[in-house]
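Fold and contact review
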Amino acid sequence: MTVEVHWYLALAAALFSIGAIGLLTRKNVLIMFMCVELMLNAVNLTFVSFARELNDIGGQAIVFFVMVVAAAEVVVGLGVIVAIFRRRSAGATADDLHILKG
Amino acid sequence: MELLSLFAATKVDSATFVLGAVVILGGALGVVISRNPVHAALMLVQTLFGVAILFVAQNAHFLAAVQVIVYAGAIVVLFLFVIMLLGVDKDEMLAAEPLKNQKVVAVLLGVVTTASLIAVGRTRWTTGAESVVGPLEGPSRNVEQLAEVLFTRYLFAFEATSVLLVIAVVAAVALSRRADGTDVDADYIAGVEAAEAAVFEAGASEESDESEESEESEESEESDAEVTS
């Protein structure tokens, strides 16, 4: 008998929260981006757990699409980060983007 | 009793889950805590591997392979490339805090989120109809099942993702170019060329020092010729 699904869901919830905490506390743009990846992975784990529990392949298909979107997001996001670092000095943090406040 | 149900699983499954959970949570905490971005990226690899372990434990073999190849292979390497190229791999001032109590509030929010998610699930973790898209268990294997669903029911979405990837590639190229169409590293190349030119001139002047006298004599001859003409 495999491990009950609620253990996986609780683990995914913890992983999601750690990612959210990192996104809220860290100021290095790259690490904030990695925390977004953590949250995406938590959701993927949830999808796979539900797919197993409900005996449905659809959950795994959704995870496939989430991975593709995540890859595209990383490419564009890192391009934006490189553009930010090019305008600012190499030690730029998210706080240096306060000009966006208008 | 609910908490004890982990031990209702077989020992191998329980051990796999505990191992995966420790790897995932340790890596995630490492990403959040580590000061150096390179260390954070390596901790991210650990988390992604842990998630792949739990994918395998839940019979999602194709997704586990894609997780390792795409995430740990491609995406983290992309992160490391950006870290190395930009030279931002120095330690961050974690103590600096423009907003008061930002960390405390963030951790509180995170704990509340986890607790509420678990509390919501306590009554009933899963609802809904089973096997709407297709059964997970069956004679065919995981890769074949997923392929069948992707190329029939989700064919349009599958094609749309290919368009999305093309758009991402175009966007990356467009973002990394400058508005005036010059090279991204034009300044760097100009600096290197200037430095090379300076070195070359310095070498040339040293050479000219040695042959200075003869050149002067030639010049004087030429000037004499000009005067006479």
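Cut-offs and rules
- Residues numbered from 1 in each chain as written.
- Chains lettered and ligands numbered in written order.
- Predicted model: local features only at pLDDT ≥ 70, side-chain atom pairs only at ≥ 80, totals over all residues.
- Contact = placed C-beta atoms within 7 Å.
- Helix = DSSP H or I, 4+ residues; strand = E, 2+ residues; numbered from the N terminus.
- Nonpolar A, V, L, I, M, F, W, Y, C, P; charged D, E, K, R; others polar.
- Expected span 1.5 Å × (residues − 1).
- Buried ≥ 20, exposed ≤ 12 C-beta atoms within 10 Å, placed from the backbone.
- Core = buried A, V, L, I, M, F, W, Y, C linked by C-beta atoms within 7 Å.

Bringing the interface of chain B and chain A into the picture now. Across the boundary between the two partners, chain B contributes 76 residues, which contact 68 residues of chain A. Contributing elements (two or more residues each) for the side of chain B that touches chain A: α1 (11–33), α2 (37–57), α3 (61–86), α4 (102–123), α5 (142–150) and α6 (155–176) of chain B. Each residue belonging to the side of chain B that touches chain A can be placed in one class, and the counts come to 52 nonpolar, 19 polar and five charged.

With that settled, consider α1 of chain B. Between its first and last C-alpha atoms α1 of chain B spans 32 Å; for 23 residues at 1.5 Å apiece the expected length is 33 Å, and the two agree. Taken together, the buried positions of α1 of chain B are occupied by F17, G20, A21, I24, G27, A28, V31 and V32 of chain B. In this structure, the buried side of α1 of chain B is in contact with α1 (5–25) and α2 (29–53) of chain A together with α2 of chain B.

Further remarks concern the environment of G19 of chain A. Mapped onto the elements, G19 of chain A comes out in helix α1. In this structure the C-alpha to C-alpha distance between G19 of chain A and F33 of chain A, which are 14 residues apart in sequence, comes to 9.7 Å. Apart from residues no more than four positions distant in its own chain, G19 of chain A is found in contact with C35, V36, L38, M39 and A42 of chain A together with A28 of chain B.

We now examine the nonpolar core. In this structure, A12, L15 and M34 of chain A together with V31 of chain B are the most contacted members of the largest nonpolar core, which totals 69 residues. Elements supplying a minimum of two residues to this core: α1, α2 and α3 (58–87) of chain A together with α1, α2, α3 and α5 of chain B. Among the elements that line this core, the one with the most residues is α2 of chain A, at 14 residues. With residues up to four places along the chain from it excluded, the contact list for M34 of chain A reads V31, A40, A41, L44 and F79 of chain B.

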